[in-house]
Amino acid sequence: MLSPIQVLCSDITTLSLEPEPFASYTEADIISTVEFNHTGELLATGDKGGRVVIFQREPECKIEPFSQGEYNVYSTFQSHEPEFDYLKSLEIEEKINKIRWLPQQNAAHFLLSTNDKTIKLWKVSERDKRPEGYNLKDEEGRIKDLSTVTSLQVPVLMPMDLMVEVSPRRVFANAHTYHVNSISVNSDYQTYMSADDLRINLWHLDITDRSFNIVDIKPTNMEDLTEVITAAEFHPHHCNLFVYSSSKGTLRLCDMREAALCDKHSKLFEEPEDPSARSFFSEIVSSVSDVKFSHSGRYLLTRDYLTAKVWDLNMESKPLETYQVHDYLRSKLCSLYENDCIFDKFECAWNGSDSVIMTGAYNNFFRMFDRNTKRDVTLEASRESSKPRAVLKPRRVCAAGGKRRKDDISVDSLDFTKKILHTAWHPTENIIAIAATNNLYIFQDKLNSEMH
């Protein structure tokens, strides 16, 4: 099991986008997405202000060969700006909803970022040499008077300080009527899809002026609308398969080989509802907020408000495993509905071997579940508990009216303004990234670091 988990590096125990430890932050500073690239060497975060910050893992220290490399800021750029749709009189927020890395094919890195309406492809590259000795340009880049050019020289590349350049390569716009909630890169590395509440579009990475609508659940009469799309993802190995989740708690696996429009799913994953347990909140808490294929492609991990579930692609009738994330909140659903917390969208993540899953909770807690041993742990991402090389202590929440141990936290004292919605797991190592409001925490498994 991944407890205890150790803070990754002494210098960056807490990676914060704020300069001062307890500086006040604005709404724009709140992190809205976290994503490792395919090697885990880079980690990107997006925030509500439309900024993308990329962290790079430094090489292992030669003096301390067993130390792990730190993640330091590599590049920061403004991905999206606030816009205004004059036809619909709507403001379009700059908030970054999702970031997805493309597999690296050359020296440069590419990533997709999206706000509610517009998806952008960015190129991230390094430059440590500059050309000098142009024949037709002067040192400042201005065109010379051709009459003054009396001899020719061979331009040369001169060393310069390393500079990271981020440039927009494509802008994919005007294809979504509703807010984009998901983007997913296909395993063919040529196409990707974007999903909003009612439609899923398939794009080619080189073509910006058109996309193909592959799912459309919009009814003829909007009054007949009973569910919306909440998340979508491509299969990691089969380029023809993808899954999307709905607000009714269902998962639909679609095969693009069957039809151009995948309104008819190949498989429907749905858990039968217990009539005796039905309440006013049943449909709200059953809405799937995130879905992720396992690295093997055999399983699906979903998160709804109270549980995380693992589904086997070969068994549609019920989930293979169900994990209670914060069951102690069942008695609090009424107050959580009144303060809108019941509509929070928690994400989930697999570890590299698909043996452990992770998801967030309130009070800056996050949960891990070992699928093999069935053990679980609750940990806290906070400045107070994130001292260099400190081992995170497991936390325990005591349900209302239950017996309390010494370090237990009462469910009544939980801070619902502190929530871990966005998490990411390194693709091969036990390194996790946790976004807590405007702070980014990076933790590492102690046992894993000792093995290295």
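Quick caveat: nothing in here was measured; it's all calculated off a predicted structure.

1. Observations regarding the overall build of the protein
Secondary structure summary: the protein contains three helices and 33 strands in total. Contacts in the protein between residues far apart in sequence, at least 24 positions, make up 54% of those at least 6 positions apart. Of the roughly 22,700 Å² that the protein leaves accessible, carbon and sulfur atoms contribute 50%.

2. Describing the sheet that holds strand E19 (residues 251-255)
Two strands in a sheet stick together by hydrogen bonds in their backbones, pointing the same way (parallel) or opposite ways (antiparallel). Strand order in the open sheet made by the four strands is E17-E18-E19-E20, with antiparallel pairing throughout. Two strands lie at the open edges of the sheet, namely strand E17 (229-234) and strand E20 (267-269), each paired on one side alone. Going across the sheet, the axis of each strand differs from the next one's by a mean of 20°, ignoring polarity.

3. Looking at a nonpolar patch on the surface
Nonpolar side chains collect at one region of the surface, where Phe-280, Tyr-337 and Phe-343 lie side by side and expose about 320 Å² of accessible area between them. Inspection of the secondary structure assignment puts Tyr-337 in helix H2 (residues 333-338). Owing to a relative accessible area of 32%, Tyr-337 belongs among the partly exposed residues under this scheme.

4. Considerations on the pattern of salt bridges
Summed over all chains, the structure comprises 23 salt bridges. In this structure, Asp-47 engages Arg-51 in a salt bridge whose closest nitrogen and oxygen atoms are separated by 3.0 Å. According to the relative accessible area criterion, Arg-51 is partly exposed, its value standing at 27%. A salt bridge links Arg-330 to Asp-327; the shortest N-O distance between them is 2.4 Å. With a relative accessible area of 35%, Asp-327 lands in the partly exposed category. Overlapping salt bridges bring together Asp-29, Asp-47 and Arg-51 as one network.

5. Description of the layout of surface pockets
Approximately 1,100 Å³ is the volume attributed to the largest pocket. Those elements giving two or more residues to the lining of the largest pocket turn out to be strand E3 (31-36), strand E9 (98-101), strand E13 (182-185), E17, strand E21 (290-293) and strand E32 (431-436). Among the elements that line the lining of the largest pocket, the one with the most residues is E17, at five residues. Of the residues contributing to the lining of the largest pocket, the split by class is 16 nonpolar, eleven polar and 16 charged. Here the second largest pocket defines a volume of roughly 900 Å³. Together, 32 residues line the second largest pocket, and Glu-35, Phe-36, His-38, Glu-233 and His-295 are the ones closest to its centre. Contributing elements (two or more residues each) for the lining of the second largest pocket: E3, E9, E13, E17, E21, strand E25 (348-350) and strand E31 (422-425).

6. A closer look at the pairing of strand E22 (residues 299-303)
The buried count for E22 comes to five of five residues, which makes it a mostly enclosed element. Across the two faces of E22 the burial is the same, with Tyr-299, Leu-301 and Arg-303 and Leu-300 and Thr-302 all buried. Sheet analysis places E21 next to E22, joined by four bridges and oriented antiparallel. Across the sheet, Phe-293 pairs through a bridge with Leu-300, a residue of E22. Between E21 and E22, which pair antiparallel and follow one another directly, the connecting turn spans five residues, one of which, Gly-297, has a positive phi of 85°. Where E22 lies against strand E23 (residues 307-312), five bridges are found, and the strand directions are antiparallel.

7. Regarding the packing of aromatic side chains
One pass over the structure, following the stated rule, counts 18 aromatic pairs. On the basis of an interplanar angle of 5° and a centroid distance of 6.1 Å, the ring pair of Tyr-192 and Trp-203 is categorised as stacked. One end of the pair, Tyr-192, is in strand E14 (residues 191-195); the other, Trp-203, is in strand E15 (residues 199-204), and eleven residues separate them in sequence. Feature note: the residues Phe-280, Phe-281, Tyr-337 and Phe-343 constitute an aromatic cluster, connected by ring pairs. The ring of Tyr-299 has Arg-371 sitting right over it, with the charged end atom 4.7 Å from the ring centre.

8. Some words on the nonpolar core
The biggest cluster of nonpolar side chains holds 30 residues, and the ones touching the most others in it are Tyr-305, Leu-329, Leu-336 and Leu-414. Sequence-distant contacts of Tyr-305, that is, excluding residues within four places in its chain, are made with Val-285, Ser-287, His-326, Leu-329, Leu-333, Leu-336, Cys-341, Ile-342, Asp-344, Phe-346 and Tyr-362. Membership of the second largest hydrophobic core comes to 16 residues, among which are Val-356, Ala-381, Leu-392 and Ala-436.

9. Things to note about the sheet that holds strand E4 (residues 42-47)
Pairing in this open sheet of four strands is antiparallel, and the strands run E3-E4-E5-E6 from one edge to the other. The open sheet has two edge strands with one neighbour each: E3 and strand E6 (71-78). The average angle at which neighbouring strand axes cross in this sheet is 20°, direction not considered. Sheet topology places E4 next to strand E5 (residues 51-57); five bridges connect them, and they run antiparallel. Note on E5: the bridge partner recorded for Leu-43 is Phe-55.

10. Let's talk about the pairing of E23
Of all six residues making up E23, six are buried, and the element is well covered by its neighbours. Here E22 folds back onto E23, and the loop between the two strands holds three residues. By the bridge criterion, four bridges tie E23 to strand E24 (residues 321-324) in an arrangement that is antiparallel. Following the sheet pairing, Val-310 is matched in E24 by Glu-321.

Parameters and conventions
- Residues numbered from 1 in each chain as written.
- Predicted model: local features only at pLDDT ≥ 70, side-chain atom pairs only at ≥ 80, totals over all residues.
- Heavy atoms only, no water.
- Helix = DSSP H or I, 4+ residues; strand = E, 2+ residues; numbered from the N terminus.
- Contact = heavy atoms within 4.5 Å.
- Areas by Shrake-Rupley, 256 points an atom, 1.4 Å probe, with all protein chains shown as cover.
- Pairing = 2+ DSSP bridges.
- Axes fitted to C-alpha atoms, helices over the stretch in contact; angles between N-to-C directions.
- Patch = residues over 30% accessible without salt bridge, like charges linked within 9 Å, V, L, I, M, F, W, Y side chains within 5 Å.
- Salt bridge = Lys/Arg side-chain N within 4 Å of Asp/Glu carboxyl O.
- Buried < 20%, exposed > 50% of the residue type's maximum accessible area, 1.4 Å probe, protein only.
- 1 Å grid on protein atoms, 1.4 Å probe; cavity = no way out; pocket = protein on both sides within 12 Å on 5 of 7 lines; lining within 4 Å.
- Points joined across faces, edges and corners; volume = space filled by probe spheres on them.
- Nonpolar A, V, L, I, M, F, W, Y, C, P; charged D, E, K, R; others polar.
- Phe/Tyr/Trp six-rings, centres within 6.5 Å; stacked < 30°, edge-to-face > 60°.
- Lys NZ or Arg CZ within 6 Å of the ring centre and 35° of its normal.
- Core = buried A, V, L, I, M, F, W, Y, C linked by side-chain atoms within 4.5 Å.

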